[in-house]
Amino acid sequence: MPVPGPGYSITVRLEAPPSASAAGDLTSAVGRAGGVITAFDVVESHNDRVIIDLTCNALSANHAKDITDTLGLLPGIVVRKVSDRTFLVHLGGKIEISSKVPLRNRDDLSRAYTPGVARVCQAIAENPDDARRLTIKRNTVAVVTDGSAVLGLGNLGPAAALPVMEGKAALFKKFAGVDAWPVCLDTQDTEEIIRAVELIAPVYGGINLEDIAAPRCFEIEARLREKLDIPVFHDDQHGTAIVVVGALRNALRVVGKKLSDCKVVVCGVGAAGSAIIRLLLKQEPGDIVAVDVDGIVHRDRPGLDDNLKSIAAVTNKDSTSGRLHDALVGADVFIGVSAPNLFGAEQVATMNSDAIVFALANPDPEIDPMEAQKHAAVVATGRSDFPNQINNVLAFPGVFRGLLDAHARTITDAMLLAAATAIADVVDGEKLNASFIVPSVFDASVAPAVAEAVRKAAVEQA
């Protein structure tokens, strides 16, 4: 199933003989090794040799090494250097701060800094709400993590989480013009995280919690929402839930089913799965059956933590038990935010006709999409190399743009559902089909549509 992609792209600088066959030998070698060439550039030419930059995609770091080793075995070929293009993107970080105002002379300095800035400070002291109008607070979000659940890699800590948070900040700016900044906290103590965010909150118009492990993330978000007068949004929970609900709305349109008639199986009941379940319940599905590593969640299952108890109380109306394969029998929808390779086509065949499968574990989904397509009518993944990519970037930039524009002080389920509907509505009836239930992450109309929907919902709530 995996194909070479740009996440493992390398550029190999080679010294080759100036023969007519050199280019063909190099490209053939990459093909034999399973790589995909994306660029072939002659950077120097001499009478006795040519210097070539050969760029190709690989499956993994080990595969990239295999490709390089294969090239180095060719007669007359010398590998000078190998550059990992992903690491090159991250050299020195991916974001920066720039001034919005000129600082060319004493006049500029007198207004932007002393003495002029003193009057602005006094105005804010007299009316603290003016901070939203007169400072970066009006357009700035903190991307806060403790590094305890980085991507699918686990507890890597705050320093290793920083590249992800930088990327998140870059996406905020690219898609919604929001100035976001990474705040990677060197603690995984719930109380310390809450207090740290409280202390930095005056600078920001919103807090985006990111990659904080469950179940601590639930308490951290809930208590910060109580304490702060700015929106607090855990993207791993609500960003995922927004896009899933929007995508499911369109998938159900494709197969001609109503959610109220559907049995939905949600596999994975951590941060994302729990939020998906709670937002779906607002849409009144026929039933939801939650499944975790210990099997189907039901009221009588021993050892449930507080989160699972709350999930059990509002799902699985028939109190069924068993494993994932049992839950899939007679289901209309599968939503996976769990682990790779949990089931196959034979289990999809036990679902109802026109089944919908959202296998969102990354990088390897719960089922090979090609296997799912044998029996499912609509298949979505979290990957960019298959149709229907369920990606949080469809949600969080527009959500925060709308919250900031509304000067919102909190975030509600009504705002989340408004965002989900806006994402779904970008795919109109003429575009909608089984391979296109959500817009592209590069569709420039998505973030403004989400922002306006959230802004309207926030104004109505206010």
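In case you missed it, the structure is sitting above this.
Calculation rules
- Residues numbered from 1 in each chain as written.
- Predicted model: local features only at pLDDT ≥ 70, side-chain atom pairs only at ≥ 80, totals over all residues.
- Heavy atoms only, no water.
- Helix = DSSP H or I, 4+ residues; strand = E, 2+ residues; numbered from the N terminus.
- Polar contact = N/O pair within 3.5 Å; in protein donor to acceptor, adjacent residues only side chain to side chain.
- Contact = heavy atoms within 4.5 Å.
- 1 Å grid on protein atoms, 1.4 Å probe; cavity = no way out; pocket = protein on both sides within 12 Å on 5 of 7 lines; lining within 4 Å.
- Points joined across faces, edges and corners; volume = space filled by probe spheres on them.
- Salt bridge = Lys/Arg side-chain N within 4 Å of Asp/Glu carboxyl O.
- Buried < 20%, exposed > 50% of the residue type's maximum accessible area, 1.4 Å probe, protein only.
- Pairing = 2+ DSSP bridges.
- Axes fitted to C-alpha atoms, helices over the stretch in contact; angles between N-to-C directions.

Draft legend 1. Structural context of the side chain of threonine 140. Tracing the backbone shows threonine 140 in strand S5 (residues 140-145). In this structure the side chain of threonine 140 is engaged in a polar contact, spanning 2.5 Å, whose partner is the backbone oxygen of isoleucine 136. Leave out the neighbours within four places in its chain, and threonine 140 touches Asp179, Val203, Tyr204, Gly205, Gly206 and Leu404.

Draft legend 2. The layout of surface pockets, seen in detail. Estimates place the volume of the second largest pocket at around 1,200 Å³. As for the second largest pocket, its lining consists of 31 residues, of which Ser98, Ser99, Lys100, Ile136 and Asp179 are closest to the centre. For the lining of the second largest pocket, the secondary-structure elements that each account for two or more residues are helix H4 (106-112), helix H5 (117-126), helix H7 (158-176) and strand S6 (179-184). At four residues, H5 tops the list of elements feeding residues into the lining of the second largest pocket.

Draft legend 3. Structural view of the pattern of salt bridges. A full pass over the atoms with the stated rule returns 27 salt bridges. Its salt-bridge partner being glutamate 198, residue arginine 195 comes within 3.7 Å of it at the nearest N-O pair. With arginine 195 and glutamate 198 both in helix H8 (residues 190-200) and three residues apart, the pair spans about one turn of that helix. For arginine 195, a relative accessible area of 44% corresponds to the partly exposed category. Among the ionic pairs, arginine 383 bridges to aspartate 364, the shortest N-O distance being 3.9 Å. Taken together, the positions of arginine 383 in the loop between strand S14 (376-381) and helix H16 (396-405) and aspartate 364 in the loop between strand S13 (355-359) and helix H15 (369-372) put the pair 19 residues apart, joining distant regions of the chain. Taking relative accessible area as the criterion, arginine 383 reaches 11% and is therefore assigned buried. With a relative accessible area of 29%, aspartate 364 lands in the partly exposed category. The network of salt bridges with shared partners includes Arg104, Asp108 and Arg111.

Draft legend 4. Region of interest: the sheet that holds strand S4 (residues 78-84). Pairing is antiparallel across the open sheet formed by four strands, whose spatial order is S2-S3-S1-S4. Where the open sheet ends on each side, the last strands, each with one partner, are strand S2 (36-45) and S4. Mean inter-strand twist for the sheet, computed between neighbouring axes without regard to direction, equals 20 degrees. Where S2 meets strand S3 (residues 50-58), eight bridges bridge the pair, whose relative direction is antiparallel.

Draft legend 5. Examining the sheet that holds strand S7 (residues 206-209) more closely. Judged by pairing direction, the sheet is parallel, and its four strands sit side by side in the order S6-S5-S7-S8 without closing on themselves. A strand with exactly one partner marks an edge of an open sheet, and here the two such strands are S6 and strand S8 (232-234). Sheet twist, expressed as the mean angle between neighbouring strand axes with direction ignored, is 25 degrees. Of the strand pairs in this sheet, S5 and S7 are connected by four bridges, and their pairing is parallel.

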